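Reading the structure
The lines below spell out each chain.
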Amino acid sequence: MAKLLEVHEVRLSFGGLTALDGPSLAVGDGEVVGLIGPNGAGKTSLFNCISGLYRPQSGTITVAGERIVGLPRHRIASLGVGRTFQNIGLLQSQTVLANVMAGAYHASRGGWWATAAAAPHVRRSEDETRAAALALLEELDLASVAGRIVGTLPFGTLKRIELARALLGSPRLLLIDEPANGLVHGEVIELGETLRRLAAERGAAILLVEHHMGLVTSVCDRVAVLDFGRLIAEGDPREVAQDPAVIAAYLGRAA
Amino acid sequence: MSTDVTAAPKARGEAPRRESVAAWLRRPRAPLSPPRWLAITSVVVGAAALVAVPLVNPSYINLTVTLVMIWTIVGLGLNLLVGFGGQVSLGHSAFFAIGAYAVAVGGEAGWGQGLSLLAAAVVPFVVGYVVGLPALRLHGLQLGLVTLALAMATPAAIRALEPLTHGSRGISIDGDPPSWMPLAHDQWVYYLALALAAVAYVITRRLAKGRLGRSFVAVRDAELVAETLGVNVWQTKTRLFATSAAYAGVAGGLYAMLLEFVGPENFNLALSISFVTLIVVGGLASVPGAVLGALFVQYVPTLTSDISAAATGATYGVVLILFAFFLPYGLVGLVRGSLGRLVARIPGRRT
């Protein structure tokens, strides 16, 4: 039985620069896996390969048994892969509610003809989407900004809005890129708890890129460490943090 | 009593923040949210007035109001593509022409007005789809240039297709109502245009909000994000292009029925420029903006042409620049800014 996400010896380079040098990784249903490593280790590159933004030169990636390298990006989303972006991928000119509701695109209904005719199932789907979005905003303490234009809000809030949007698509696999960026310490702990709870409620697996080690150790079942595009360690968060290779990667090697 | 007056600002606390006029004009604003009773009353009164117009007015008034409705239909479709979808087109005069000639050629072939108008929607839709397949791989400036070429080639293409279009001689059209209908020609085309504009308005509103509307805006503002949300970007763009071409085609068909004649000179580049001016002046990504823009392109050039025949082009140029700088949300933005607070204060249950 194939795992939900299987990454096998993926290689990606830009010209002469190797971003991913054959790491392999698997994430099971409902599992929360941290992906850590120093800056430039290839974490976001791996994310971009999984959501189809980059196409690796070799290696395979499967989601629920289906090979996704070369698949159109919108198809990958409909396989149940949701994601957030390191530098926020929200629609700046739209309200918070509209942004979150956009997350339900592939999970909701309403083609062109049905929408033009205002078919009952389109209205129902829209009402359900709105109710689900409002409930999620409530859970993430964002209800008070639901009607605000995104472009006017602070960075930490935008991170949570993006998370809400990704969750509304009911992903089986959620790729989260640095959610704690721009948050203060207390908020990070709270975010960790919220993440675990929301993922557990929805049965979503999470692959989490994060620099904040406190968040990683408290949230993740397992972590994988990338350095220069290679997987250098994998396992229990606390053990991995003690691994000499990992410490060397973060602090630099002795000459 | 004078003490009250001087005390008032202190009692309110901080002094009101000054905002420059330019900043006020450029501020994005939420749509007006009238209470339900007011919205329904406005629609009923507006509809009644529009139905009454051709019964009480001379035909030249009906003609200009019909033209406003024709421009509104073009503007609704073009705003879906440009305002919501973010894809530039300077070539919609071509689809307007195809619609007009569909009605003209259909009339010659004895298809009847209903079938001809249907062809005026279907043929531009198909042509738009086929043109859009390769063209929408392009972005911004390049897409603008390709569609510009489309508009520039239209009069020449009409002349070249002589067997079908009779070249420069043009085609006369019978736009009269069915014989059992007690309406004059101008009244008949007016009501046709009113009905089709109303349908176009409602459909556009449905497409522009909700699940599809959000996907258009995502395609416009962040293509990659749209794709990771599951939006098939290319398909969305192509369908938007074809749909907006169908709107322009229907409008062109009505235009042909109204003038009862089509010739290549009716469909030059200036027509495309006026379409773009329409949506920019009315308000990009606003459905009611198409109506305000249509009023603008119908009446303002008529006013300025009293000064000089060449003034129309200059008016469009100056207006486009002024709106780009000072009124990025068009006349709709201005209306929202000036009436927003007033409308919000009117009591009643809101939807």
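Residues numbered from 1 in each chain as written. Chains lettered and ligands numbered in written order. Predicted model: local features only at pLDDT ≥ 70, side-chain atom pairs only at ≥ 80, totals over all residues. Heavy atoms only, no water.

Thoughts on the overall build of chain A
Check the secondary structure of chain A and you find 10 helices and 11 strands. Taken against the 2.2 N^0.38 rule, which gives 18 Å for 255 residues, the C-alpha radius of gyration of chain A at 19 Å falls within 12% of a compact globule. Across the 255 residues of chain A, 54% fall into the buried class. For chain A, long-range pairs separated by at least 24 residues make up 69% of all intrachain contacts whose partners lie at least 6 apart in sequence. Of the roughly 11,200 Å² that chain A leaves accessible, carbon and sulfur atoms contribute 52%. Of the side chains in chain A, 24 bear a positive and 26 a negative charge, and the two mean positions are spaced by 7 Å. (Helix = DSSP H or I, 4+ residues; strand = E, 2+ residues; numbered from the N terminus. Rg over C-alpha atoms; globule rule 2.2 N^0.38 Å. Buried < 20%, exposed > 50% of the residue type's maximum accessible area, 1.4 Å probe, protein only. Contact = heavy atoms within 4.5 Å. Areas by Shrake-Rupley, 256 points an atom, 1.4 Å probe, with all protein chains shown as cover. Lys, Arg positive; Asp, Glu negative; His and termini not counted. Charge placed at Lys NZ, Arg CZ, Asp CG, Glu CD.)

Notes on a negative patch on the surface
Residue and element names in this part refer to chain A. On the surface, a cluster of negative charge is contributed by E138, D141, E187, E190 and E193. At 3 residues, the largest contribution of residues to the negative patch is made by helix α7 (residues 185–202). Here E187 is to be found in helix α7. A relative accessible area of 36% places E187 in the partly exposed class. (Patch = residues over 30% accessible without salt bridge, like charges linked within 9 Å, V, L, I, M, F, W, Y side chains within 5 Å. Salt bridge = Lys/Arg side-chain N within 4 Å of Asp/Glu carboxyl O.)

A few points about the domain arrangement of chain A
All names here are of chain A. If you check the domain split of chain A, you get domain 1 (1–80 + 171–255) and domain 2 (93–170). Here the C-alpha centre of domain 2 lies 26 Å away from the C-alpha centre of domain 1. Contact residues are listed per partner, giving 20 residues for domain 1 and 14 residues for domain 2. At the boundary of domain 1 with domain 2, total buried surface from both sides reaches about 1,300 Å², with 66% on carbon and sulfur atoms. For the domain 1 face of the interface with domain 2, the top three residues by lost area are P171, L198 and R202, together amounting to 33%. (Domains from an automatic or database assignment. Buried area = accessible area lost by both parts, 1.4 Å probe.)

A look at the nonpolar core
Counting residues in each nonpolar core, the largest one holds 92 residues, and the members touching the most others are I70, W71, F96, V262 and F267 of chain B. Broken down by element, this core gets its largest block of residues, 14 residues, from helix α4 (residues 59–84) of chain B. With residues near it in sequence (within four places) discarded, W71 of chain B still touches F96, Y255, L271, F275, L278, A294, V297 and Q298 of chain B. Grouped together as the second largest cluster of nonpolar side chains are 45 residues, A104, L137, L142 and I176 of chain A included. (Core = buried A, V, L, I, M, F, W, Y, C linked by side-chain atoms within 4.5 Å.)

Considerations on the pairing of strand β4 (residues 32–36) of chain A
A regular strand places its side chains so that they alternate between the two faces of the sheet. Residues and elements named next belong to chain A. β4 sits mainly inside the fold: 5 of its 5 residues count as buried. Taking every second residue as pointing to the same face, both faces of β4 are buried, with V32, G34 and I36 on one and V33 and L35 on the other. In this sheet, strand β10 (residues 222–227) lies alongside β4 in parallel orientation, the contact comprising 4 bridges. Bridging from a neighbouring strand, G34 pairs with V223 of β10. (Pairing = 2+ DSSP bridges.)

What about the sheet that holds β4 of chain A?
Residues and elements named next belong to chain A. The 6 strands lie next to each other as β7-β8-β9-β4-β10-β11, forming an open sheet whose pairing is mixed. Edge positions in the sheet fall to β7 (81–83) and β11 (230–235), since each of these pairs with one other strand and no more. Adjacent strand axes in the sheet meet at a mean angle of 20°, parallel and antiparallel pairs treated alike. Of the strands in this sheet, β4, β7, β8 (173–177), β9 (205–209) and β10 touch helix α1 (residues 43–50), which is tilted by about 145° from β8. Sitting on the sheet, helix α6 (residues 155–168) touches β7 and β8, and the angle it makes with β8 is about 165°. (Axes fitted to C-alpha atoms, helices over the stretch in contact; angles between N-to-C directions.)

What to know about the environment of E139 of chain A
Residues and elements named next belong to chain A. Of note, E139 is situated in helix α5 (residues 120–139). In this structure E139 comes out as partly exposed when scored by relative accessible area, which is 31%. A sequence separation of 72 residues divides E139 from R67, and the C-alpha atoms of the two residues are 34 Å apart. If sequence neighbours within four positions are ignored, E139 has contacts with R197, L198, E201 and R202.

A short note on empty space enclosed by the protein
Under the defined criterion, the tally for this structure stands at 5 cavities of 30 Å³ or more. Taken as a whole, the largest cavity spans an internal volume of roughly 100 Å³. V81, G82 and A166 of chain A together with T228 and L229 of chain B are the residues nearest the centre of the largest cavity, which is lined by 13 residues in total. Secondary structure elements with two or more residues in the lining of the largest cavity: β7 and α6 of chain A. Sorting elements by how many residues they give to the lining of the largest cavity places β7 of chain A first, with 3 residues. Put simply, the second largest cavity is a space of about 70 Å³. As for the second largest cavity, its lining consists of T84, G156, K159, R160, E162, L163, I176, D177, P179 and L191 of chain A. At the level of elements, α6 and β8 of chain A are the ones that each hand at least two residues to the lining of the second largest cavity. With 5 residues, α6 of chain A is the largest single contributor of residues to the lining of the second largest cavity. Partitioning the lining of the second largest cavity into residue classes produces 4 nonpolar, 2 polar and 4 charged. Shared between two domains, the lining of the second largest cavity holds at least three residues of each, these being domain 1 (1–80 + 171–255) and domain 2 (93–170) of chain A. (1 Å grid on protein atoms, 1.4 Å probe; cavity = no way out; pocket = protein on both sides within 12 Å on 5 of 7 lines; lining within 4 Å. Points joined across faces, edges and corners; volume = space filled by probe spheres on them. Nonpolar A, V, L, I, M, F, W, Y, C, P; charged D, E, K, R; others polar.)

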